[in-house]
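Understanding the architecture of this molecule
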Amino acid sequence: MSEPGIEIHADAAALAVAAATRFIETVTAAQRERGSASVVLTGGGTGIATLEQVRKQTNDIDWSRVDIFWGDERFVPSGDAERNELQARDALLDHVGIDPTRVHPVAASDGEYPDPIEAAAEYSAAVHAHLAEHGAFDLHLLGMGGEGHINSLFPHTDAVREEHELVVAVTNSPKPPPVRVTLTLPAVHKARHVVLIVGGEAKAAAVAAAVAGASHLDIPAAGAKGSESTTWLLDTAAAADLPH
């Protein structure tokens with residue numbers, strides 16, 4: 001696994017622009033090298049702002065050769081505004097020429113798999129099929145909560161302790177909604193490049209702990225590492241507790 005790099009940007013707006021630039025550079029490089037690219041998206045304010053910036057920036061991405069996955073999903077009905085899928089479609093996916101068969105959302109609670117464990121199994125099958133063909137995800141974007149959670153991997157939970165399964169259902173999330181489907185740390189490690197996009201003073205302590213090598217059980221973000229690169233994109237507030 002790669003050692004983390006750190007980039008610090010002035011504010012949330014600059015952070016989203018930098019994250020979008022990294023997204024575009026990573027995807028286009030993967031397409032040059034391997035013909036296609038795969039990206040695991042993150043939700044949240046910073047994650048969606050990043051996707052909006054990708055849409056705005058001029059780029060050479062061939063969207064017909066991109067596979068899209070999500071790091072986690074809230075297990076709510078398909079039309080619920082809380083769904084990361086819906087937010088990502090509004091911000092980016094509905095506005096580019098992406099192949100709909102290469103968009104891989106988690107099943108909604110009102111869909112074919114109303115049981116979250118079955119939905120997780122179905123999503124796991126899609127993840128395994130992709131990895132069997134392509135070997136890895138090219139880019140996994142991650143946000144982080146103030147207590148250090150990434151995807152729906154919260155401190156000291158069964159999901160963050162998972163060492164084998166790539167996808168699990170979460171039925172007691174400490175942050176609502178309580179039911180979710182999430183990629184695990186073993187799945188994060190299947191990404192060539194991991195980019196954590198974190199802004200805000202409330203997250204500074206967790207950033208510092210993660211970068212300093214905290215246990216992933218205490219600070220799940222500490223366990224997020226790509227096989228080729230791991231990058232923390234921070235605003236100045238989120239970087240405030242890092243050593244100078």
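Anything mentioned here points back to the structure above.
Residues numbered from 1 in each chain as written. Predicted model: local features only at pLDDT ≥ 70, side-chain atom pairs only at ≥ 80, totals over all residues. Heavy atoms only, no water.

A few words now on the sheet that holds strand β3 (residues 66–70). Strand order in the open sheet formed by six strands is β1-β9-β8-β5-β2-β3, with parallel pairing between adjacent strands. If you trace the sheet from one side to the other, it starts and ends with β1 (4–9) and β3, each paired once. Pairs of neighbouring strands in the sheet enclose a mean axial angle of 20°, with direction left out of account. Its contacts with the sheet put helix α1 (residues 12–34) on β1, β2 (37–41), β3, β5 (137–142), β8 (191–198) and β9 (229–235), and the angle it makes with β9 is roughly 160°. The sheet contacts of helix α4 (residues 116–134) involve β2, β3, β5 and β8, and relative to β3 the element is tilted by about 145°. (Pairing = 2+ DSSP bridges. Helix = DSSP H or I, 4+ residues; strand = E, 2+ residues; numbered from the N terminus. Axes fitted to C-alpha atoms, helices over the stretch in contact; angles between N-to-C directions. Contact = heavy atoms within 4.5 Å.)

Attention shifts here to the pairing of β9. Counted residue by residue, β9 has six buried out of seven residues, so it is predominantly covered. For β8 and β9, the ladder comprises six bridges, and the chain directions are parallel. Within β9, the residue paired with His193 across the bridge is Ser229. Following the chain from β8 across helix α7 (residues 204–211) to the adjacent parallel β9, one finds a crossover that is right-handed. (Buried < 20%, exposed > 50% of the residue type's maximum accessible area, 1.4 Å probe, protein only. Right-handed = clockwise from strand over helix to strand, strands pointing away.)

Turning next to unusual backbone geometry. Pro176 connects to Pro177 through a cis peptide bond whose omega is -5°. Mapped onto the fold, Pro177 is located in the loop between β6 (167–170) and β7 (180–183). The backbone of Asn151 shows a phi angle near 45°, a positive value even though the residue is not glycine. Along the chain, the position of Asn151 falls in the loop between β5 and α5 (158–161).

Function cannot be read off these values alone, since they describe shape.
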